[in-house]
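# Notes for the structure review
The primary structure of each chain is shown beneath.
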Amino acid sequence: NNNPKTGTESACVSPSACIFCSSSGAGGWSPMVTDQEPWLQVDLREQMEVTAVATQGRYDSWDWVSSYLLLYSDTGRAWKQYRHEDGVGRFVGNGNSETIVQNKLSHPVRTRFLRFVPLDWNPSGWMGLRVEVYGCSYKSYVADFDGRSSLLYRFNQKSMSTVKDVISLRFKSHQAEGVLLHGEGQRGDYITLELHRGRLDLYLNLGEARFSSHRVPVTVGSLLDDQHWHSVHIERFNKQVNLTVDSYTQRFQTKGEGHSLEVDYELSFGGIPLPGKPGTFLRKNFNGCMENLYYNGINVIDLAKRRKPQIHSVGNVTFSCSQPQLVACTFVSSSSSFLSLPSASPGAGGFSIRFQFRTWNPEGLLLSVQLNPDPQKLRLQISNSWLRLTLHSSGRQKSEVSAGEVSDGLWHSVSLDARNLQITLTVDNEPSSTIELWEQVQSRGSFYFGGCPATAPDCQGFAPAFQGCMQLIFINSQLMNLSHVQQGLLGNYNELQFDTCNIKDRCLPNLCEHGARCSQMWSSFSCDCSGTGYAGATCHNSIYESSCEAYKLSGSSSGFYFIDPDGSGPLGPTQVYCNMTEKKVWTVLSHNSTAPVTVQTSSLQKPHVMIFNYSASAEQLRAIVSGSEQCQQEVVYNCRKSRLFNTKDGSPLSWWLDREGEKRSYWGGFLPGVQQCSCSLEENCIDMNYFCNCDADTDTWANDTGVLSYKDHLPVSQIVIGDTDRMGSQAVYHIGPLRCYGDRSIWNAASFYQESSYLYFPTLQAELASDISFYFKTSAPSGVFLENQGLKDFIRVELSSPSVVTFSFDVGNGPAVLSVKSHVPLNDRQWHYVRAERNAKEASVQVDQLPLRFLEAPADGHLRLRLSSQLFVGGTASQQRGFLGCIRSLTVNGVSFDLEERAKMTPGVSAGCPGYCTGSSSLCHNRGRCVEKSNGYICDCSQSAYGGTTCNQEVSVSFDRESSVTYTFQEPFSVMQNRSSQASTSSTDSRAREDVALSFVTSQRPAMLLTVSTFSQQYIAVILATNGSVQIWYHLQTDKKPDVFTPTPSNLADGRLHRIRIHRVGKNLYVQINQDIHRKYTLSSDAELILIRSLTLGMEHFDEEVIQGASKGFIGCLSSVQFNHVAPLKVALTNRGSSLVTIRGPLVQSNCGALAESHTLQGKTSTSMTLMIYLFRLTNTRKDLAVIAGLCCALVFITVCALAVVIRLVYQQRRAQRSSGSIKEEHRHSMYTDYRTELHLHNPVRDSVKEYYI
């Protein structure tokens, strides 16, 4: 037999065991056809470190195993399933009978027994195995602790102070509590390692306050009370600590001010011998075995075994592991698992049952039994994580709920005793619960544990079957032998695994991202994204846009917003102010010193120092600046006898620090390194002998104001003023906020004009989660957008046909394919959006505004995407099926790819993309889509609630009490159901999602704003309550009360314009009111709206509590109303005769949206007035009458201009109202068809013509 060498060490590669592995003649293991759940067990004769296993089929036959599980055990009684590092337990077997298939273990196991459990085999033959095990022997020093014993390692001196510590050991136990290691010192240092609730806690303190009452441990591991060996390794150097349990490592810094650990007298292992000692933990001692215990290179168990004087033994410590092996069984299926056991020696006085169980599931049937006298049934089940005992009898039902939760993965003991006219339930050591009986009962028939067979109809339908583990089952004080059950000698069973508790902690490691909380059931986990700023199955996707530019593209106006500069990356969101002007979108980040600062008595020896703290972290600032096209920050320095530079040697007397803390002495208007001010560049310094006004050093006030615009140095982190200590010397400075505009990634594009061309980038770092987004436009029928391959794994996004985008990948579970089919061709030379995501729970892909397509990941499949090649964009490594067209705004996991820079050096690819709709100029607004034409472009406003040629005209209507607009959907449909793409895969599903936006002006309360109703009695309602506050009603479950949310208690029926935006994904509801109120809520259900019937604005008839608002209708103005892709007001104005729209009562076109402009203008005027007042006050301190007169003139001029603009707006508004009267057919054609008119642009420089596209 050819035995290839494997293993991580040369000493551990030779075969340890060869079972039926002869390469000539007959040989191999094959079970009987009648054997139920067969397995092959290998005894290595002694403890071995196993590094690999290899298999073959049975010699010269059609018998082989194509996949199997590997179990291991110390004793051959209690078994544990081996899992790869990503949690997968399935091993790949053979495809024929002769080829050797070797599987190297990602982490070696130390064991004596191995068990091969076939899962799949040759369908044309039978199971057949020849196996070989690779590994080596190792030296083992073992100590057994009985829960009352310990080993003390005593130092040679009074105390031991160490800067570096290395502690390693292996342990196994069936107890969830127990101290493994403890030591402490008089100055307050301590170290304690203990098992707590099946996890390992490390308490470590270096010099913190003595005997602190609040001690917080570092916790690693889970389910460590499983009677199997676990390795622990602690490394400490100064305050840095690495704590490793099995393959999981936690890195942290110790508390306290010290760098050394000072322990007095001794370290104790296995417990604390003197629990009354001050400052110690009153914990249980360890009950189990330890192996190869080393403290700073000292073999503690070896010293104890040889009775060395530095080791003192307390209690009964033995040097062989004789812990009892508790045999468990696993209930695998939540629908069909059960264990049936007969009553053991039933007595006339009732019955008793005891057992232990562990599970993650909040629901499950633990026990069911029929009782005499008939008909009575007793059921013990888990309900909402609580244990509930129920007695069913004719005509009445009694139940008792025990205290405490039991769905925590820990072992819980249950005792049930039916005697003396009562049934007593005891859980763990809690007080008993009792059901009183009218007469004595006895068990009838079998006891059903975990579930019921289909032949027991009286037992069905009460709860799902139990998924978890059970052990130590006693019936009438007799222990049930589970081995006899497995052999068919006792009782009956279905879907059980014997000799193992196959429980798994799916939250270790925590695959929920961005600090989200992980919760789990037996076969799945879920993530709670509340408060993280992220959404999705693993909280991977930011709920915020990445820039102010992106908010502008989505139709938002100026205001405070949260942005997430690296999207799904680790930085997190931060709040900024987005100033959206006509030409540019400014991102404004303020700091802690917004007012002017006066400085006196500062010198180079004792300078004035101001540190600026911004509303974002340093990493977030760096990401915002680097992602912007341009950034700037104004520096104002007013001086009187306060110089910036020394006139003798030119050394700076004042300076500022950049974002990296580097000293800078230029003050705007110049490139870095030039010690000058703006006046020198403009040649208008008050004294041309100096480069700065302040360097003239006059007794009168002077000013040096500049704008810092070198991005790599921004923002200013600190300013130092050092020349105000002379008589009459004074300075007043002001550092403005950081202001950036543009988003470099949105319009970063590349054009591919050869099928064999591509751009390449470093390998994707996307093992556990990845999201890919980009825009494309093409006329080609197919092509690969991007591809990255590994040895077997791959990820690919492609246009597979003119109307289908396909996302495919393989992480080791076989190729997975997700496709989205569009109802219109995608190769229409227009921009289309694609976003693909894969994580540990699911994969998804979205194209434009089409519904997301989802594919759930297998529960126990491979998780890690292992890639090794370069990332190819626009093509493949084989140079086939390349993409022809444009790709822009490519982002992977929040990182933007610079396509233009890479395209400059790649043949067949050019930077940028030709066409009108290719840039960042605001051609189309408010979700309007720029559509290329041969000699220009048009704006498609069909997906926008706005109208006009560029989708920027408000669509507003005035209502009175009887007015309403009802939009009836063409056919009953589900919001997210994509009928055209159902055939893509049967494994996909859809996720509930709504987007609602509207603006309103009213003084009425209560009032009905909007309702959406379905044929299945679901509805959404947005109303104003009697106090004028907004209420949002979601009624998704007709058998339950609706969810009602009030984002703000403020009265919005104040005659002003207010904007509301509502966005729902599943259970998460996001609400924005105006620009300053952002709320997130969690709905009671994630159900989608099924069979949507209509959307109504204004008066609506409801039977629910919303009738209070509905009956009053709505009096006021509604503007820019949008529900998903429906704009009902625009449809009502442009399609008055349509059967989709029903109009009741008078309806008058209005322009209440223009009120927003007047409010904005008033705000700007107020800001200008405030600035002028500040300048006036500052000037007053200078006693400069000429400047005062100039400022007054400027103030009068600004006031007159503002008044003129306000008069013009009022005139336009009245003119529009006079001409609007009522809705007429000719007005519909004149105003709402012009957005279809083509714009003929004759400018030859197409690169200057850009678009906004959503």
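Residues numbered from 1 in each chain as written. Predicted model: local features only at pLDDT ≥ 70, side-chain atom pairs only at ≥ 80, totals over all residues. Heavy atoms only, no water.

Per an unreviewed UniProt entry, the chain carries the name Contactin associated protein family member 5 and comes from Oreochromis niloticus. Per its UniProt entry, the chain bears the Sequence similarities (unreviewed entry) comment "Belongs to the neurexin family." Here the chain is described in UniProt, under the heading Subcellular location (unreviewed entry), as follows: "Membrane". (UniProt positions renumbered as here; feature names shortened; annotations may be inferred.)

## Observations regarding the overall build of the chain
Counting its secondary structure elements, the chain contains 11 helices and 84 strands. Going through the 1254 residues of the chain one by one, you find that 53% of them count as buried. Nonlocal contacts in the chain, meaning residues at least 24 apart in sequence, comprise 70% of its contacts between residues at least 6 apart. When the accessible area of the chain is evaluated, it comes to approximately 55,300 Å², of which 50% is carbon and sulfur surface. (Helix = DSSP H or I, 4+ residues; strand = E, 2+ residues; numbered from the N terminus. Buried < 20%, exposed > 50% of the residue type's maximum accessible area, 1.4 Å probe, protein only. Contact = heavy atoms within 4.5 Å. Areas by Shrake-Rupley, 256 points an atom, 1.4 Å probe, with all protein chains shown as cover.)

## Remarks on the sheet that holds strand β64 (residues 871–873)
Read across the open sheet, the 6 strands follow the order β55-β64-β57-β58-β59-β60; overall the sheet is antiparallel. Each edge of the open sheet carries a strand with a single partner, namely β55 (759–761) and β60 (816–821). Averaged over all pairs of adjacent strands, the angle between their axes in this sheet comes to 15°, without regard to strand direction. Sheet topology note: the strand β58 (residues 794–801)/strand β59 (residues 804–810) ladder contains 7 bridges and is antiparallel. From the neighbouring strand, Ile795 faces β59, where its bridge partner is Phe809. (Pairing = 2+ DSSP bridges. Axes fitted to C-alpha atoms, helices over the stretch in contact; angles between N-to-C directions.)

## Notes on the state of the cysteines
As used here, a disulfide is simply a covalent bond connecting the sulfur atoms of two cysteines. This structure, assessed with the given rule, holds 12 disulfides. Two residues, Cys512 and Cys527, share a disulfide whose sulfurs are 2.0 Å apart. Where Cys512 bonds to Cys527 through sulfur, the torsion about that S-S bond is close to -85°, and the disulfide is left-handed. Of this pair, Cys512 sits in the loop between β37 (496–498) and β38 (517–520) while Cys527 sits in strand β39 (residues 525–528), and the two are 15 residues apart along the sequence. Of the residues examined, Cys512 reaches a relative accessible area of 8% and is grouped as buried. For Cys527, a relative accessible area of 16% translates into the label buried. The thiol of Cys329 is not disulfide-bonded; the next cysteine sulfur, from Cys469, is found 7.8 Å away. (Disulfide = S-S within 2.5 Å.)

## Let's talk about the environment of Gly256
Mapped onto the secondary structure, Gly256 falls in the loop between β17 (248–253) and β18 (261–269). The class of Gly256 is partly exposed, set by a relative accessible area of 23%. Along the primary structure Gly256 and Gly207 are separated by 49 residues, whereas in three dimensions their C-alpha atoms are 4.8 Å apart.

## A look at the packing of aromatic side chains
Under the counting rule described, the total for this entry stands at 35 aromatic pairs. With 6.2 Å between their ring centres and 50° between their planes, Phe355 and Phe357 make a pair best called tilted. We classify Phe357 as buried; its relative accessible area is 0%. For the pair Phe969 and Phe1123, a centre-to-centre distance of 6.4 Å together with 65° between the ring planes defines the contact as edge-to-face. Residue Phe969 is found in the loop between β71 (964–968) and β72 (993–1002), and its partner Phe1123 is found in strand β81 (residues 1116–1123); the two are separated by 154 residues along the sequence. The class for Phe969 is buried, based on a relative accessible area of 9%. For Phe1123, a relative accessible area of 1% translates into the label buried. Aromatic ring contacts, followed pair by pair, group Phe331, Phe355, Phe357, Phe449 and Phe466 into a single cluster. (Phe/Tyr/Trp six-rings, centres within 6.5 Å; stacked < 30°, edge-to-face > 60°.)

## Here we look at helix α4 (residues 618–627)
The complete set of buried residues in α4 reads Gln620, Leu621, Ile624 and Val625. End-on view of α4: buried residues confined to an arc of 130°, all on one side of the axis. Against β42 (559–563), β43 (574–580), β44 (585–589), β47 (630–640) and β53 (738–741) lie the buried residues of α4. (Arc of directions from axis to C-beta.)

## Some remarks on the sheet that holds strand β49 (residues 663–664)
One open sheet holds the 4 strands; their spatial order is β46-β51-β48-β49, and the pairing between them is antiparallel. Each edge of the open sheet is held by one strand with a lone partner, namely β46 (608–611) and β49.

## Regarding the pairing of strand β51 (residues 718–721)
A regular strand places its side chains so that they alternate between the two faces of the sheet. By the alternation rule, side chains of β51 split into Gln718 and Val720 and Ile719 and Ile721, which are all buried. The pairing of β46 with β51 spans 4 bridges and is antiparallel. By the bridge assignment, Met610 is partnered in β51 with Ile719. Two elements, strand β48 (residues 654–657) and β51, share 4 bridges in a ladder whose sense is antiparallel. The partner of Trp656 across the bridge, within β51, is Ile719.

## Examining unusual backbone geometry
Cis peptide bonds are those with omega within 30 degrees of zero, and the linkage from Asn372 to Pro373 qualifies with 0°. Among the structural elements, Pro373 can be located in the loop between β26 (364–372) and β27 (376–383). Between Leu508 and Pro509 the backbone carries a cis peptide bond, its omega angle lying at -5°. Relative to the assigned elements, Pro509 resides in the loop between β37 and β38. The phi dihedral of Asn292 is positive, around 50°, even though this residue is not glycine. With respect to the helices, strands and loops of the structure, Asn292 is situated in strand β19 (residues 287–295). Within the chain, Gln1017 stands out as a residue other than glycine whose phi angle is a positive 70°.

## Thoughts on the environment of Ile686
Here Ile686 lies in the loop between α5 (678–682) and β50 (702–708). Separated by 10 residues in sequence, Ile686 and Ala696 place their C-alpha atoms 7.6 Å apart. Ignoring sequence-local partners within four residues, the contact set of Ile686 consists of Asn693, Ala696 and Ala702.

## What to know about the pattern of salt bridges
According to the stated counting rule, one finds 33 salt bridges in the structure shown. As a salt-bridge pair, Asp860 and Lys504 come within 3.9 Å of each other at their nearest N and O atoms. Residue Asp860 is found in the loop between β63 (853–856) and β64, and its partner Lys504 is found in the loop between β37 and β38; the two are separated by 356 residues along the sequence. A salt bridge links Asp723 to Arg643, with the shortest nitrogen-to-oxygen separation between them at 2.9 Å. Placement of the pair is Asp723 in the loop between β51 and β52 (730–735) and Arg643 in the loop between β47 and β48, with a sequence separation of 80 residues. We classify Asp723 as buried; its relative accessible area is 4%. According to the relative accessible area criterion, Arg643 is buried, its value standing at 16%. If you follow the salt bridges from partner to partner, you end up with Arg643, Asp697, Asp723 and Arg726 in one network. (Salt bridge = Lys/Arg side-chain N within 4 Å of Asp/Glu carboxyl O.)

## A closer look at the side chain of Arg1064
Here Arg1064 is to be found in strand β77 (residues 1058–1065). Polar contacts involving the side chain of Arg1064 include one to the side chain of Glu994, which spans 2.5 Å. Among the polar contacts listed, one links the side chain of Arg1064 to the backbone oxygen of Ala1087, at a separation of 2.9 Å. (Polar contact = N/O pair within 3.5 Å; in protein donor to acceptor, adjacent residues only side chain to side chain.)

## Points about a nonpolar patch on the surface
Residues Phe1015, Ile1090 and Leu1091 make up a contiguous nonpolar surface patch of about 270 Å² in total accessible area. You can see Leu1091 is positioned in the loop between β79 (1077–1082) and β80 (1092–1098). (Patch = residues over 30% accessible without salt bridge, like charges linked within 9 Å, V, L, I, M, F, W, Y side chains within 5 Å.)

## As for the pairing of β19
Counting buried positions over the 9 residues of β19 gives 8, a clear majority of the element. Bridging between β19 and strand β20 (residues 298–299) involves 2 bridges; their strand directions are antiparallel. Note on β20: the bridge partner recorded for Tyr295 is Ile298. Linking β19 to β20, which pair antiparallel, is a turn of 2 residues; within it Asn296 sits at a positive phi near 50°.

## Considerations on the confidence of the model for the chain
Detailed reading of predicted coordinates is not advised where the pLDDT is low. Per-residue confidence for the chain gives a mean pLDDT of 82; residues scoring 70 or more make up 83%. When the criterion is pLDDT under 50, residues 1–11 qualifies, and its contacts beyond four places in sequence or with other chains add up to 23 contacts. In the model, residues 972–990 has pLDDT below 50 throughout and makes 54 contacts with residues more than four positions away in sequence or in other chains. (pLDDT = per-residue confidence, 0-100.)

## Observations regarding the environment of Phe252
Along the chain, Phe252 falls in strand β17. C-alpha of Phe252 to C-alpha of Arg236: the two residues are 16 residues apart in sequence and 9.8 Å apart in space. Those residues within four positions of Phe252 in sequence are excluded, and the remaining contacts are Leu202, Val218, Lys239, Gln240, Val241 and Leu243.

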